[in-house]
Amino acid sequence: MRQFDIFVWGKSKEFSDKNDRPPFTDPALGWFFTSNFNDKLNESDAEWIVFANSAVTIDRDFLNSLAETISAFPMVDAFAPRLRYSSIEDGDKKSLKFVGGFKFHKSKGIEPIEEDAPLRYVAGPRPEIAVFSRRIVQRTGAFDPSIPIPAQILDYALRMLHAGGRCFSVPYLVAGLQGIPLDFSSENRECLPHIAYALSKSLGIKTARFAATHPSVMVGLWKKRKSLQEKRDKAILLSKLTPETLKELY
């Protein structure tokens, strides 16, 4: 069994072995260039799976840091690495910025944790970089291809809560990002319906305040109510998510 499988997505709809090659190889690693996670999950046999946008640098330093973090927190099922990127401020001056995973917010739905946040559990990882253990993938099941990949990552992390897993943010587990982070927030009109869909599927009535603050999502949720309820029933069947756990994610 390999230590890590890395799923790289985001360059194009379809990837070819000719144009997309791993930056380095190792017997302990498997590389998959795909925008269809479910299609490749059956081929993965690693202990941990890294889902990374093509703009994220996955190198030996990051994987060594990830291995050390996993060893330090053996009971954790998923990790939300922070992203390091350059931001141009006044003039041409650049400064390093960091952005981490998401916590719940009653009216916004989700919002990023503070840049200097300490060790903590989060509601979900950044869409650009997420790490899930094989054990929690086996309990959570397939990704939901009806929504874009950033929303799939959030949806998966929320469903994982019902499977008994939680996502952990470690400040020193950092991956480099070429460019700027994706604008995955309730302020982005394109993302809002997908965030609402993922939250409603896993949290149901607990998102009432969020929906009231963003009434535009109600039409879309109503149109998909039948399929959404079916998926929600599957997601929360034998749920292990407790109110106490949920409170820690705000």
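Look up a bit, the structure's there.
Anyway, here's the lowdown on the structure attached to this text. Everything numeric in this text was worked out from a predicted model, so none of it was measured.

### Section: the sheet that holds strand S4 (residues 56–57)
Then comes step 1: Reading across the sheet, the four strands line up as S4-S13-S6-S7 and stay open at both edges, with mixed pairing between neighbours. The sheet is open, and its two edges are formed by S4 and strand S7 (94–99), each paired on a single side.
Then comes step 2: With two bridges joining them, S4 and strand S13 (residues 174–177) adopt antiparallel strand pairing. Bridge assignment links Val 56 to a residue of S13, and that residue is Leu 177.

### Focus on the sheet that holds strand S11 (residues 129–133)
Then comes step 1: Strands sit in the order S2-S1-S3-S11-S5-S12-S10 across an open sheet of seven strands; the sheet is mixed. Here the strands that pair on one side only, and so sit at the sheet edges, are strand S2 (29–33) and strand S10 (120–122).
Then comes step 2: Strand direction decides the pairing type here: strand S1 (residues 4–9) and strand S3 (residues 48–53), joined by six bridges, are parallel. Residue pairing in the sheet places Phe 7 in a bridge with Phe 51 of S3.
Then comes step 3: The strands touched by helix H2 (residues 60–72) are S1, S2, S3, strand S5 (78–79) and S11; relative to S1, the strand with the most contacts, the crossing angle is about 130 degrees.

### A word on the environment of Ser 65
Then comes step 1: Looking at the secondary structure, you find Ser 65 in helix H2.
Then comes step 2: Separated by 108 residues in sequence, Ser 65 and Leu 173 have C-alpha atoms that sit 6.3 Å apart.
Then comes step 3: What Ser 65 contacts, discounting residues up to four positions off in sequence, is Tyr 172 and Leu 173.

### Observations concerning the packing of aromatic side chains
Two descriptors summarise a pair of aromatic rings, namely the distance from one centre to the other and the angle between the planes of the rings.
Then comes step 1: Under the criterion given, the structure shown has 16 aromatic pairs.
Then comes step 2: Seen in terms of ring centroids, Phe 37 and Phe 143 are 5.1 Å apart; in terms of plane orientation they differ by 65 degrees. Their pairing is edge-to-face. Note that Phe 37 is positioned in helix H1 (residues 37–41) and Phe 143 in the loop between helix H3 (134–140) and helix H4 (149–162), a separation of 106 residues in sequence. Of the two residues examined, Phe 37 and Phe 143, each falls in the buried class.
Then comes step 3: Judged by centre distance (4.0 Å) and plane angle (10 degrees), the rings of Phe 143 and Tyr 156 are stacked.

### Re helix H8 (residues 225–236)
Then comes step 1: With twelve residues, H8 should cover 16 Å at 1.5 Å per step; its first-to-last C-alpha distance of 16 Å lies within 8% of that length.
Then comes step 2: When we look at burial in H8, the residues that qualify are Leu 228, Arg 232 and Ala 235. All buried residues of H8 lie within an arc of 60 degrees about the axis, which places them on one face of the element. Turned more than 90 degrees off the buried face of H8, the exposed positions are Lys 226 and Lys 234.
Then comes step 3: One or two steps after H8, the chain reaches Leu 238, where phi turns positive at roughly 60 degrees.

### A closer look at the packing of helix H5 (residues 192–203) against H8
When two helices pack together, their arrangement is given by the angle between the helix axes and by the axis-to-axis distance.
Then comes step 1: Direction vectors running N to C along H5 and H8 enclose 50 degrees, while the axes themselves pass 8 Å from each other. With respect to H8, the element H5 is oriented oblique. Crossing handedness for the pair H5 and H8: right-handed. Facing H5, whose interface residues are Tyr 197, Ser 200, Lys 201, Ser 202 and Leu 203, H8 presents Leu 228, Lys 231, Arg 232 and Ile 236.
Then comes step 2: Per-class residue counts for the contact of H5 with H8 are four nonpolar, two polar and three charged.

Rules used in this analysis
Residues numbered from 1 in each chain as written. Predicted model: local features only at pLDDT ≥ 70, side-chain atom pairs only at ≥ 80, totals over all residues. Heavy atoms only, no water. Pairing = 2+ DSSP bridges. Helix = DSSP H or I, 4+ residues; strand = E, 2+ residues; numbered from the N terminus. Contact = heavy atoms within 4.5 Å. Axes fitted to C-alpha atoms, helices over the stretch in contact; angles between N-to-C directions. Phe/Tyr/Trp six-rings, centres within 6.5 Å; stacked < 30°, edge-to-face > 60°. Buried < 20%, exposed > 50% of the residue type's maximum accessible area, 1.4 Å probe, protein only. Expected span 1.5 Å × (residues − 1). Arc of directions from axis to C-beta. Parallel < 35°, antiparallel > 145°, perpendicular 65-115°, else oblique. Left-handed = near helix turned anticlockwise from the far one by under 90°. Nonpolar A, V, L, I, M, F, W, Y, C, P; charged D, E, K, R; others polar.

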